[in-house]
Amino acid sequence: MMACVTPPKLRLQSTYSNPPHLPKFHSNPIINRKSHLGGFKSKKWRNLLWADGENQYMRKESCCVKNDIKHQRGCEAVKCAAEGIDRCMFVGSRGEEGGGSMVAERFMVVALMAGIMCLCNADRVVMSVAIVPLAAKHGWSSSFLGIVQSSFLWGYIFSSVIGGALVDKYGGKRVIAWGAALWSLATLLTPWAANHSTGSLLAVRAFFGLAEGVALPSMNTLLSRWFPSQERASAVGIAMGGFHLGNVVGLILTPLLMSSIGISGPFVLFSSLGFLWLMTWSYRVTNDPLESNSISKSELRLILAGKSDCQVVKGKLPPLRLLLSKLPTWAIIFANITNNWGYFVLLSWMPVYFQTVFNVNLKQAAWFSAIPWGTMAISGYIAGATSDYLIKSGYSITTARKIMQSIGFIGPGVALLCLNYAGSPAVASIFITVALSLSSFSQAGFLLNMQDIAPQYAGFVHGISNSAGTLAAIISTIGTGFFVQWLGSFQAFLALTSCLYFIATVFWNLYATGERVF
């Protein structure tokens, strides 16, 4: 039996490479946690962990090292259940330090992450609605309107790679906190910039995009640290559900606030909420569960047990040539390009689409545009839960990722082709709802695949692919305006977008993998 126990040093390195807060002379990472204030836990906490944590943790590790790495998750699920560890992310430990139940700490983390992702997207959407009266006021053409819409992406494209590298080095907590502070400030300044000059507006929107570029890499990396592998897709589904609900909140509240307060109303509201969120985030969340001052010992054991990634060592970034020499990297890049192309066309142009094609007013256009995003929030969680279920049922990560991504591309491609034949705003809204709902399955495809193939450089890989996707979003956002002005309809561009979805599906299924590459 003793021969099966993993040496203490090896156990520490299985998921975290020599955490700076763990003294080298201790053997159990659970016992030696430090709080986010830099001090060790209380003596009572350490005694509780020593009495219960060491034996159960080593017993679990002893079990799992006997099995082949491909069956590690299954072994952990059985053994941890036998030890009485609650696997639900919504409920924490029972019977610890006074009994009862409490909300799991990792759920608090993902709930706060979903909140800021909601504000992140709501701040973007405000401009999609506000640009309609601004265009009428300043006499902008459809082509120039596309330039204004895309100005957000000018800054976004540069911050993706830099933000991803910063996340790999400093963790997601600090990076997204700075990002939220800066993009909330930019949101607050937007009405002033619009009244000052067009150049000021473009500059503020570019700065806004620069700050928001760190959001997705921060989310992906932070949740990968806080959740075991078999729950990661569901956690991303919850966080991205908040992201998509931001579209609903922005599209519905913006016209109401503008009609009652003025154009500055929604910008002031959402920026204020961002600053309020920042106060809670700074004191409630840590980069890593090992640093948390609030997590229970059983929940920490569960998170560590579910870490199947190989050793991750912080160091120099890999050469760009190495990353681009592997086809799985290109599968992620192409998937991101396709996803952003279609996503930003719908995000930026749906209010304009309903107003110009079906002659509905701004408030009605906002409602028709908001409904699809609301269903996307729900379907994104369903996609994550389905992906986790497939993995727990014995399907390989590669198979799960390919199934989810295929649904996420084929579904929107077919729906956008059908959109060309919609004869009423209600029918058009149904097709757009189907397109966006099914596109959310990409969250359990390429968005998670970065952690699969490159856990050590996931933020950097995310930044590279997101920069390529942002460039595609700029082209599609501006291109839609020129196509509409040139041809007088949206049909040609929707057909082009559908073809791109189908081509990307084939490429993904040929070259994507769920195995570690870097």
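Everything below is about the structure printed above this text.
Please read all numbers here as calculations on a predicted model, not as lab measurements.

Criteria and thresholds
- Residues numbered from 1 in each chain as written.
- Predicted model: local features only at pLDDT ≥ 70, side-chain atom pairs only at ≥ 80, totals over all residues.
- Heavy atoms only, no water.
- Helix = DSSP H or I, 4+ residues; strand = E, 2+ residues; numbered from the N terminus.
- Buried < 20%, exposed > 50% of the residue type's maximum accessible area, 1.4 Å probe, protein only.
- Contact = heavy atoms within 4.5 Å.
- Expected span 1.5 Å × (residues − 1).
- Arc of directions from axis to C-beta.
- Salt bridge = Lys/Arg side-chain N within 4 Å of Asp/Glu carboxyl O.
- Axes fitted to C-alpha atoms, helices over the stretch in contact; angles between N-to-C directions.
- Parallel < 35°, antiparallel > 145°, perpendicular 65-115°, else oblique.
- Left-handed = near helix turned anticlockwise from the far one by under 90°.
- Nonpolar A, V, L, I, M, F, W, Y, C, P; charged D, E, K, R; others polar.
- Phe/Tyr/Trp six-rings, centres within 6.5 Å; stacked < 30°, edge-to-face > 60°.
- Patch = residues over 30% accessible without salt bridge, like charges linked within 9 Å, V, L, I, M, F, W, Y side chains within 5 Å.
- Areas by Shrake-Rupley, 256 points an atom, 1.4 Å probe, with all protein chains shown as cover.

What to know about the overall build of the chain
1) Next: When you go through the chain residue by residue, the secondary structure sums to 19 helices and 0 strands.
2) Next: In the chain, which comprises 518 residues, the share counted as buried stands at 59%.
3) Next: Across the chain, every contact between residues at least 6 apart in sequence was considered, and the portion connecting residues at least 24 apart equals 80%.

Let's talk about helix H19 (residues 491-511)
1) Next: With 21 residues, H19 ought to run about 30 Å at 1.5 Å a step, and its terminal C-alpha atoms sit 31 Å apart, in line with that.
2) Next: Within the sequence span of H19, burial applies to Phe493, Leu494, Thr497, Ser498, Leu500, Tyr501, Ala504, Thr505 and Trp508. In a view along the axis of H19, the buried residues occupy a sector of 160°, so they form one face of it. In H19, the exposed residues that point more than 90 degrees away from the buried face are Val506 and Leu510.
3) Next: Those residues of H19 that are buried lie in contact with helix H13 (327-358), helix H15 (397-419), helix H17 (446-453) and helix H18 (458-487).

Regarding the pattern of salt bridges
1) Next: The final tally for this structure, using the stated rule, is 6 salt bridges.
2) Next: The partner of Glu231 in a salt bridge is Arg106, and the shortest N-O contact between them spans 2.9 Å. Here Glu231, found in the loop between helix H8 (215-226) and helix H9 (232-260), pairs with Arg106, found in helix H4 (residues 105-138); they are 125 residues apart in sequence, far enough to count as distant. Residues Glu231 and Arg106 agree in their burial class; the two are buried.
3) Next: Across the pair Asp452 and Arg401 runs a salt bridge whose closest N-O atoms are separated by 2.6 Å. In this pair, Asp452 sits in helix H17 while Arg401 sits in helix H15, placing the two residues 51 residues apart along the sequence.

Focus: the packing of H15 against helix H16 (residues 425-439)
1) Next: Where H15 contacts H16, the two axes come as close as 7 Å, and the packing angle between them is 165°. It follows from the interaxial angle that H15 and H16 lie roughly antiparallel. Between H15 and H16 the crossing geometry is left-handed. Of the residues in H16, those in contact with Ile407, Gly408, Gly411, Pro412, Ala415, Leu416, Cys418 and Leu419 of H15 are Ala428, Phe431, Ile432, Val434, Ala435, Leu438 and Ser439.
2) Next: The residue makeup of the contact of H15 with H16, split by class, is 12 nonpolar, 3 polar and no charged.

As for the packing of aromatic side chains
1) Next: Enumeration over the complete set of coordinates arrives at 10 aromatic pairs.
2) Next: Judged by centre distance (5.5 Å) and plane angle (50°), the ring pair of Phe152 and Phe208 falls under tilted. Of this pair, Phe152 sits in helix H5 (residues 142-170) while Phe208 sits in helix H7 (residues 198-212), and the two are 56 residues apart along the sequence.
3) Next: The exposure class of Phe152 is buried, given its relative accessible area of 4%.

Some details on the side chain of Ser439
1) Next: Inspection of the secondary structure puts Ser439 in helix H16.
2) Next: Excluding anything up to four places from it in sequence, Ser439 contacts Asn339, Met376, Gly408 and Pro412.

Describing a nonpolar patch on the surface
1) Next: Judged by side-chain polarity, Leu185, Leu188, Leu189, Trp192, Val268 and Phe275 come together as a nonpolar surface patch covering roughly 520 Å² of accessible area.
2) Next: For the nonpolar patch, the secondary-structure elements that each account for two or more residues are helix H6 (172-196) and helix H10 (264-284).
3) Next: Residue classification places Leu189 among the partly exposed residues on the basis of a relative accessible area of 38%.

Some thoughts on the packing of H6 against H7
1) Next: Between H6 and H7, the shortest axis-to-axis distance is 8 Å and the interhelical angle comes to 170°. By the angle class used here, H6 and H7 are roughly antiparallel. Contacts from Gly179, Leu182, Trp183, Ala186, Thr187, Leu189, Thr190, Ala193, Ala194 and His196 in H6 reach Ser200, Leu201, Val204, Arg205, Phe207, Phe208, Ala211 and Glu212 in H7.
2) Next: Looking at side-chain class alone, the contact of H6 with H7 contains 11 nonpolar, 5 polar and 2 charged residues.

Considering H10
Given 3.6 residues per helical turn, the α-helix brings residues three or four places apart onto the same face.
1) Next: End to end, H10 covers 31 Å across 21 residues, agreeing with the expected 30 Å (1.5 Å per residue, within 8%).
2) Next: Those residues of H10 lying buried are Gly265, Pro266, Phe267, Phe270, Ser271, Gly274, Trp277, Leu278 and Trp281.
3) Next: Against H4, H6, H8 and H9 lie the buried residues of H10.

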